[in-house]
Amino acid sequence: MNITFLGGGNMASALVAGLIDGGVARETLTVIERVPETATALAARFGIATAPVFDPKPACDVLILALKPQQMPAALKALPPLPAACLVISVAAGLRVAALSGWLRGHAQVVRAMPNTPALIGRGLTGLYASEAVQAQERQKAETILAAVGRTVWVENEAQMDAITAVSGSGPAYLFHFIEAMEAAALHQGFTPSVARLLALETTVGAALLAAQSPEAPALLRARVTSPGGTTEAALKVLNEKAWLPAMDAAIEAACHRAHTLGDELGAAK
Ligand SMILES: NC(=O)c1ccc[n+]([C@@H]2O[C@H](COP(=O)([O-])OP(=O)(O)OC[C@H]3O[C@@H](n4cnc5c(N)ncnc54)[C@H](OP(=O)(O)O)[C@@H]3O)[C@@H](O)[C@H]2O)c1
């Protein structure tokens with residue numbers, strides 16, 4: 001399977017690194033990157049082929065669209081016609097299958113993928129969506145590629161990609177913000193900046209790993225460390241009084257709404 005990336009930025013680099021780590025042969029990977037310095041750096045780092053423009057003549061089984069969403073309409077319209085069997089996977093936020101397919105002269109084999117930034121360390125979560133035109137074998141190919149940088153989950157209808165974007169796509173930023181908040185509170189308790197950072201970071205990482213590895217639900221793990229009349233209960237009571245849960249729900253709702261409007265705005269480009 002030959003895989004070509006259109007765009008050689010952060011997301012393409014993360015995927016290339018994951019695929020090579022997973023045993024994919026370097027000779028099967030090509031990155032189309034217009035910035036010469038970026039292309040040279042990619043070739044040196046991964047030992048893969050790069051080119052400034054896409055040529056579908058050499059076998060291209062999979063084309064991964066890894067440009068900024070705003071760059072996509074012009075870049076896709078400028079591509080030469082793709083072989084009908086070429087599977088296109090877009091990792092661009094917001095862009096819907098109908099818009100991508102339209103910019104690709106009606107090309108039908110299009111899968112949408114929404115990874116998140118922990119993909120950079122192989123711990124990503126990617127939401128996947130394919131229209132009915134995409135066969136099971138092609139879906140499997142898409143899943144195998146994205147599984148190189150973490151876990152994958154399919155959604156049944158495209159609107160759910162907005163919710164994926166809101167929960168797991170933007171989610172790392174919510175956690176970074178949580179770490180910032182804990183660090184600020186630790187500073188307020190008199191710790192030095194480095195100790196405050198250590199306390200906030202290691203507590204978050206440790207708790208997340210424990211939750212991921214435990215057969216028990218996070219709610220049960222929380223209940224276990226919340227003794228009646230104890231310190232944790234005192235803290236959680238304040239978080240609840242400050243409407244912690246409804247705030248998270250409203251935040252994700254806002255991100256979901258924004259993902260939908262971005263899809264409308266970006267998809268309107270002719
Ligand atoms: N980064 C993430 O964590 C993440 C997570 C989920 C989804 N995504 C999606 O992944 C996509 C890529 O994001 P990124 O952060 O990797 O972007 P990026 O770092 O900007 O990479 C895109 C690269 O493609 C180049 N390029 C633009 N148009 C081109 C063309 N026509 N031919 C060849 N190269 C071209 C860009 O060059 P210029 O700099 O000259 O434009 C840039 O070097 C986005 O659509 C984003 O929504 C990213």
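Residues numbered from 1 in each chain as written. Predicted model: local features only at pLDDT ≥ 70, side-chain atom pairs only at ≥ 80, totals over all residues. Heavy atoms only, no water.

Which residues make up helix H1 (residues 10-21), and what values go with them?
Given a rise of 1.5 Å per residue, 12 residues ought to cover 16 Å, and the 16 Å separating the end C-alpha atoms of H1 matches this to within 8%. With nine of 12 residues buried, H1 is to be regarded as a mostly interior element. Within the sequence span of H1, burial applies to Ala12, Ser13, Ala14, Leu15, Val16, Ala17, Gly18, Leu19 and Ile20. Residues of H1 that are buried make contact with strand S1 (3-6), strand S2 (29-32), helix H2 (36-46), strand S4 (62-65) and helix H5 (136-146). (Helix = DSSP H or I, 4+ residues; strand = E, 2+ residues; numbered from the N terminus. Expected span 1.5 Å × (residues − 1). Buried < 20%, exposed > 50% of the residue type's maximum accessible area, 1.4 Å probe, protein only. Contact = heavy atoms within 4.5 Å.)

Describe the confidence of the model for the protein chain, listing the residues and the values that go with them.
Across the protein chain, the average pLDDT comes to 95, with 100% of residues at or above 70. Taken element by element, the protein chain is modelled with least confidence in H1, mean pLDDT 93, and with most confidence in helix H7 (residues 171-188), mean pLDDT 98. (pLDDT = per-residue confidence, 0-100.)

Talk me through the nonpolar core; I want residue IDs and the actual numbers.
Across soluble globular proteins, nonpolar side chains have a tendency to be buried as a group. Core analysis: the biggest nonpolar cluster contains 29 residues, and Phe5, Ile64 and Ile89 have the highest contact counts within it. For this core, the element with the most residues is H1, which contributes six residues. With sequence-adjacent residues up to four places away left out, Ile89 is seen in contact with Val62, Leu63, Ile64, Leu65, Val111, Ala113, Ala142, Ile145 and Leu146. Counting residues in each nonpolar core, the second largest holds 27 residues, with Ile32, Leu82, Val97 and Tyr129 among its members. (Core = buried A, V, L, I, M, F, W, Y, C linked by side-chain atoms within 4.5 Å.)

An account of the sheet that holds strand S7 (residues 124-130) is requested, with residue identities and associated values reported.
Taken together, eight strands build an open sheet; the order of strands is S3-S2-S1-S4-S5-S6-S7-S8 and the sheet is mixed. If you trace the sheet from one side to the other, it starts and ends with strand S3 (49-51) and strand S8 (150-154), each paired once. The mean inter-strand angle of the sheet, taken between neighbouring strand axes irrespective of direction, is 25 degrees. In terms of strand pairing, S1 meets S2 through four bridges, oriented parallel. Its bridge partner lying in S2, Ile3 is registered against Leu29. On the sheet, helix H6 (residues 160-169) packs against strand S6 (110-114), S7 and S8 and is oriented at approximately 30 degrees with respect to S6. (Pairing = 2+ DSSP bridges. Axes fitted to C-alpha atoms, helices over the stretch in contact; angles between N-to-C directions.)

Tell me about the environment of Thr38, and please be specific about residues and values.
Counting through the fold element by element, Thr38 comes out in helix H2. For the pair Thr38 and Gly7, spaced 31 residues apart in sequence, the C-alpha separation works out to 9.8 Å. The contact partners of Thr38, leaving out residues within four places of it in the chain, are Gly8 and Glu33.

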